[in-house]
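# What the coordinates show
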Number of protein chains: 2
Amino acid sequence: MNVHDLPTPALVVDRRALENNLGAMAAALPGPRLRPHVKAHKTTALARLQAAAGHHNFTCATPREVEGMARAGLGDDLLLANEVVDDDRLARLAALDARVTVAVDSDATIDAAARNGISEVLIDVNVGLPRCGCDPGDAGRLADAARARGLGVRGVMGYEGHVVGVEDRAARVEQTAVAMELLTKAHADTGGDLVSAGGTGTYDINTWANEIQAGSYVLMDGAYDKLALPFRPGLSISATVVSVSPGWVVADCGLKALGMDHGNPTVSGGTVWFCSDEHLTFSPDGGDGSMRVGDRVTVWPAHIDPTIAYHERMQVVDGDEVVETWEVDLRGW
Amino acid sequence: MNVHDLPTPALVVDRRALENNLGAMAAALPGPRLRPHVKAHKTTALARLQAAAGHHNFTCATPREVEGMARAGLGDDLLLANEVVDDDRLARLAALDARVTVAVDSDATIDAAARNGISEVLIDVNVGLPRCGCDPGDAGRLADAARARGLGVRGVMGYEGHVVGVEDRAARVEQTAVAMELLTKAHADTGGDLVSAGGTGTYDINTWANEIQAGSYVLMDGAYDKLALPFRPGLSISATVVSVSPGWVVADCGLKALGMDHGNPTVSGGTVWFCSDEHLTFSPDGGDGSMRVGDRVTVWPAHIDPTIAYHERMQVVDGDEVVETWEVDLRGW
């Protein structure tokens, strides 16, 4: 099938960009040096390619991502890099035929893990991003508390999310060092083999961590465009022009097909005016008469993770040919 | 079940607010004076309540909404208030056991409707919002063209989307009049029974239209809060505090649970700092120590339509008791 015959809006993956990104990352961080984050794509078919590239340990953000990965046979070593206190969900994770490690950052999360049969945890340390993670000085105490409850403590994680997008590389290096100094000190107090951190923006900078949790690299995000990384944009939306007026045209790709927290998407061959629930209004670069009803346009979302979460499937294309269809099977919680 | 026992993030509908909104609208615009827009909620169970309140004609934004409504037995009179040129989808709509009318605004959309067996159309007229809709002066010609292709022309629609959110009521009235003058003139050229327009912000102002396409009224949107309408906010997200730090706490309601085009949500009892993919970071009004891991918080999305489109189901609550669970069964395209 040709990409222009897909019903729209269609989430489209460029196979060549994807293969470039998989190859570049596997060369830089082979095997367990990378723990790919599946939250970026929520698609076990894509995770399978990451495993084929040598990465068998995965990072997840939700219980459902962990469950789906385990069911897909990708459960060698799954890290839920997020705090969860839901008994039912934790008990389900503990029952999976998979190695499951969950992040904890408090006595309450350690208690939830222990009482629901989880066997291994990672101490989540705040390294500067105001989100989850314990105070670095509290990591040792929490590791002791976890071990006292019978939990295996595999080490620490600490996501430098406030650094990964810093545009100037020298500043990114400096701020990563500051963040990882905190994580390294915490690790000295916790023990365990893993020092898990990093993202696409620091994948080749963060040498303190022994595994990097990058996810965006594989399909890439507009937000990372400015960092001169060796990864290429691989995700777009194919849309159809449904209305043409003097001065603007409208395509069928709106707010329910696009993560909007980073702002408007861009559109090839046009300038975006605004998005509505099911519409993208833009002016075509070629002026009036250059686009007709039925034309296809390519829309580039500003943030891929929440964009993908709206879609049921991805279409993989090689040039204009659709070569595979993947279910986005890890959506929800 | 208690709302606090739901797995989170959970989309929660307040039954009392919902019933207030259904009742207030049915009193103001009884029966066919309202053609509720299902794009707001994408849930046939909720549409069934709108039908029970007397509104048997519905507005849809996507082919899948039309198909789902027809399959749910709510196909008395379905308007697809959007332009579609996809042959497969139009042919499926034509084959439904339902009365289906589609919007057209060009020769190309008329041709698509005619060649795929659609029997009735509405001429979509641009009344000032730069989106779909023909030039008002072209409406008569398009109606003639549609009739020449054997299509029934039921009248006109023209959405004054640039007016519905205008805060000052007098200005809203004035601008609605300007927009509806265009629609009325177009209607004189097209004929047909229907003059379909309006939204929640103009439901009691737009007396030119003989049916109003409001959707947001039923669960209400933050964006409409300032208009002093008789509808109450009825949709929130129940989230769990998963991490507590000095200065802030984190709940499990992030970018993949929230439509973000209108900006950050608000949270009861706190001030939002930022959202990440699966997290909401906020400072609790009660200060440090006032919230603990496991506490439930209520998050109010800034825009409900794209929020709902992320969720598989809605939980209907009466006070803290969950009284029903509805599948959000009209998602996708």
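Residues numbered from 1 in each chain as written. Chains lettered and ligands numbered in written order. Predicted model: local features only at pLDDT ≥ 70, side-chain atom pairs only at ≥ 80, totals over all residues.

## What to know about the overall build of chain A
Note the cut-off: Strands are runs of DSSP state E lasting at least two residues, helices are runs of H or I lasting at least four, and both sets are numbered from the N terminus onward. Only C-alpha atoms enter the radius of gyration; for comparison, a globular chain is expected to reach 2.2 Å times N to the power 0.38, where N is the number of residues. Whether a residue is buried, exposed or partly exposed is read from the other C-beta atoms within 10 Å of its own C-beta, which are placed from the backbone; 20 or more gives buried, 12 or fewer gives exposed, and intermediate counts give partly exposed. Any residue pair is listed as a contact if its two C-beta atoms, each placed from the backbone, are within 7 Å.
Along the backbone of chain A there are eight helices and 16 strands. By the compact-globule yardstick of 20 Å for 333 residues, chain A fits well, its C-alpha radius of gyration being 21 Å. Projected onto its principal axes, the C-alpha positions of chain A cover 70 × 45 × 35 Å. Expressed as a percentage of the 333 residues in chain A, the buried residues total 56%. Pairs at least 24 apart in sequence give 63% of the contacts found in chain A among residues at least 6 apart.

## A closer look at the domain arrangement of chain A
All names here are of chain A. Selection criterion: Residue ranges labeled as domains rest on an automatic or database domain assignment.
Domains assigned within chain A are domain 1 (3-11 + 232-327) and domain 2 (16-218). Contact with domain 1, which involves ten residues of that partner, is made by 13 residues of domain 2. Elements that contribute at least two residues to the side of domain 1 that touches domain 2 include exactly α8 (304-308) and β15 (313-318). Residue contributions to the side of domain 1 that touches domain 2 peak at three residues, all from α8.

## Side note on the relation of the copies chain A and chain B
We apply this condition: The copies were overlaid with a least-squares fit restricted to C-alpha atoms from residues scoring a pLDDT of at least 70 in each copy.
The transformation that overlays chain A on chain B combines an axial shift of 0.0 Å with a rotation of 180°, and the residual RMSD is 0.0 Å. Taken together, these values place the two copies in the relation of a two-fold axis. Interface residue correspondence from chain A to chain B reaches 100%, placing this contact among same-surface, isologous pairings.

## Digging into the sheet that holds strand β2 (residues 57-60) of chain B
Residue and element names in this part refer to chain B. Which entries qualify depends on this criterion: Strands are treated as partners if at least two bridges between them are detected by DSSP.
Reading across from one edge, β2-β3-β4-β5-β6-β7-β8 is the order of the seven strands in this open sheet, with parallel pairing throughout. The sheet is open, and its two edges are formed by β2 and β8 (211-212), each paired on a single side. Bridge count for strand β4 (residues 100-104) against strand β5 (residues 120-124) is four bridges, and the pairing is parallel. The residue of β5 that forms the bridge with T101 is E120.

## What to know about helix α6 (residues 139-148) of chain B
All names here are of chain B. Going by this rule: Throughout, the arc means that of the directions going from the helix axis to the C-beta atoms.
Those residues of α6 not exposed but buried are A139, L142, A143 and A146. Seen from one end, α6 has its buried residues packed into an arc of 100°, which puts them on one side. Here the buried face of α6 lies against β4, α5 (107-115), β5, β6 (152-158) and α7 (169-190). Directly beyond the C-terminal end of α6, a positive phi value near 90° is found at G150.

## Comments concerning unusual backbone geometry
Here the residue pair T8 of chain A and P9 of chain A is connected by a cis peptide bond, since its omega of 0° sits within 30 degrees of zero. By the secondary structure assignment, P9 of chain A is in the segment before β1 (10-14). Notably, M220 of chain A is not glycine yet its phi reads approximately 65°, a positive angle. Within the secondary structure, M220 of chain A sits in the loop between β8 (211-212) and β9 (235-245). One non-glycine residue with positive phi stands out, namely K42 of chain B, at about 55°. With respect to the element layout, K42 of chain B can be found in the loop between α1 (15-28) and α2 (44-52).

## Regarding the interface of chain A and chain B
Applied cut-off: Gly counts as polar in this scheme, as do all residues outside two lists: the nonpolar Ala, Val, Leu, Ile, Met, Phe, Trp, Tyr, Cys and Pro, and the charged Asp, Glu, Lys and Arg.
Between chain A and chain B, the residue contacts involve 48 residues of the former and 48 residues of the latter. Secondary-structure elements contributing two or more residues to the side of chain A that touches chain B are α4 (87-94), α5 (107-115), β9, β10 (248-251), β12 (270-275) and α8 of chain A. Looking at the side of chain A that touches chain B, the element that brings in the most residues is β9 of chain A, giving five residues. Considered class by class, the residues forming the side of chain A that touches chain B number 21 nonpolar, 14 polar and 13 charged.

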